[in-house]
Amino acid sequence: MKKYILLFTLLALNCFAQKTTLYCIGDSTMANKKDPEKNPEHGWAQVLQPFFTDNIVVVNKAVNGRSTKSFINENRWDSIYKKLKIGDYVFIEFGHNDEKIEDPSRYTNPHTAYRYNLIRFVNESREKGAIPILLTSIARRNFNEKGVLIPTHGDYPLETRLVAQEYKVPFIDLEYYTEQLEQSYGPDKSKELHLHFKAGENPYYDKDKADDTHLSLKGATEIAQIVINQLKSLNDSSLDKLRKNIRF
């Protein structure tokens, strides 16, 4: 009898100790970058783990250059789907590469293939008992000569919003909040959020660098903080486990 009690106790402790995984799927604005100690470029999900306690394990599966289509066709989604367990979370942020109309391996029509791929991620996450969270693409630093920030993502953010609404998915409008971030820094200072270097200014770049899409460590950290702030404010009980394990 004592054996069974001990076994039950060990199993119970193991269940309580089981960590929750937060999978991140998306493109280069989210992805881990090589050589992070020297590389100025960072994805925002790359810097997400420190915002959570050890009970949440961030597994960043975002990959440079991927759209919803190529992420699925390369079996990247299937490899995650097989590992999903009840209570896990999935951050879903695509769009930058779905827009690549010149590339049939990545392009998706926002109102058809892109929409249905998002729905697939949502439905299949839920099949496994995981909680999907949809995010619109981050804004590009794209100011005109009068200092007005011009959107570049077309109807992709709209379709993300519509899927979130129709399927009752927790939703973070990252395009909107990163537009506010870019505007708060302004046309010149917002370069600090991205990758702007003169040749030789940073040992990682031997030529001039002016990248308004990808993120510096500062930009990545600012956006990770936006995501955390939005998680705190969303009125959705399915996110309670994430919220309870936010450090700050």
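Here is a short report on the structure shown in this document. (Residues numbered from 1 in each chain as written. Predicted model: local features only at pLDDT ≥ 70, side-chain atom pairs only at ≥ 80, totals over all residues. Heavy atoms only, no water.)

## Things to note about the overall build of the protein chain
Scanning the protein chain from N- to C-terminus turns up eight helices and seven strands. For a compact globule of 248 residues, the expected C-alpha radius of gyration is about 18 Å, and the protein chain comes in at 19 Å, within 12% of that figure. A principal-axis box enclosing the C-alpha atoms of the protein chain has dimensions of 75 × 40 × 35 Å. Buried residues in the protein chain amount to 49% of all 248 residues. Restricting the contact set of the protein chain to residue pairs at least 6 apart, pairs at least 24 apart contribute 73%. If you sum the accessible surface of the protein chain, you get close to 12800 Å²; carbon and sulfur atoms cover 54% of it. The averaged location of the 33 negative side-chain charges in the protein chain is 8 Å from the averaged location of its 35 positive side-chain charges. (Helix = DSSP H or I, 4+ residues; strand = E, 2+ residues; numbered from the N terminus. Rg over C-alpha atoms; globule rule 2.2 N^0.38 Å. Buried < 20%, exposed > 50% of the residue type's maximum accessible area, 1.4 Å probe, protein only. Contact = heavy atoms within 4.5 Å. Areas by Shrake-Rupley, 256 points an atom, 1.4 Å probe, with all protein chains shown as cover. Lys, Arg positive; Asp, Glu negative; His and termini not counted. Charge placed at Lys NZ, Arg CZ, Asp CG, Glu CD.)

## With respect to the sheet that holds strand β1 (residues 20-26)
Pairing is parallel across the open sheet formed by five strands, whose spatial order is β2-β1-β3-β4-β5. The two strands at the open ends of the sheet, each matched to only one other strand, are β2 (56-60) and β5 (171-172). Pairing analysis gives five bridges linking β1 to β2, with the strands arranged parallel. By the bridge assignment for β2, Y23 is matched with V59. Along the sheet, helix α4 (residues 113-127) contacts β1, β3 (89-93) and β4 (131-135); its crossing angle with β4, the most-contacted strand, is approximately 155 degrees. (Pairing = 2+ DSSP bridges. Axes fitted to C-alpha atoms, helices over the stretch in contact; angles between N-to-C directions.)

## A closer look at the packing of aromatic side chains
According to the stated counting rule, one finds nine aromatic pairs in the structure shown. Note on W44 and F91: the rings are 6.1 Å apart at their centroids and 45 degrees apart in plane angle, and the pair reads as tilted. Within this pair, whereas W44 is found in the loop between β1 and β2, its partner F91 is found in strand β3, the two being separated by 47 residues in sequence. Ring centres of Y114 and Y156 lie 5.0 Å apart, and the angle between their planes is 80 degrees; this geometry places the pair in the edge-to-face category. Taken together, the residues span a long stretch of sequence, with Y114 in helix α4 and Y156 in helix α5 (residues 156-166) at a distance of 42 residues. Each member of the pair, Y114 as well as Y156, carries the same accessibility label: buried. (Phe/Tyr/Trp six-rings, centres within 6.5 Å; stacked < 30°, edge-to-face > 60°.)

## Things to note about the side chain of H153
Note that H153 resides in the loop between β4 and α5. Take H153: its relative accessible area is 2%, and that puts it in the buried class. With residues near it in sequence (within four places) discarded, H153 still touches H96, E99, S137, I138, A139, R140 and E175.

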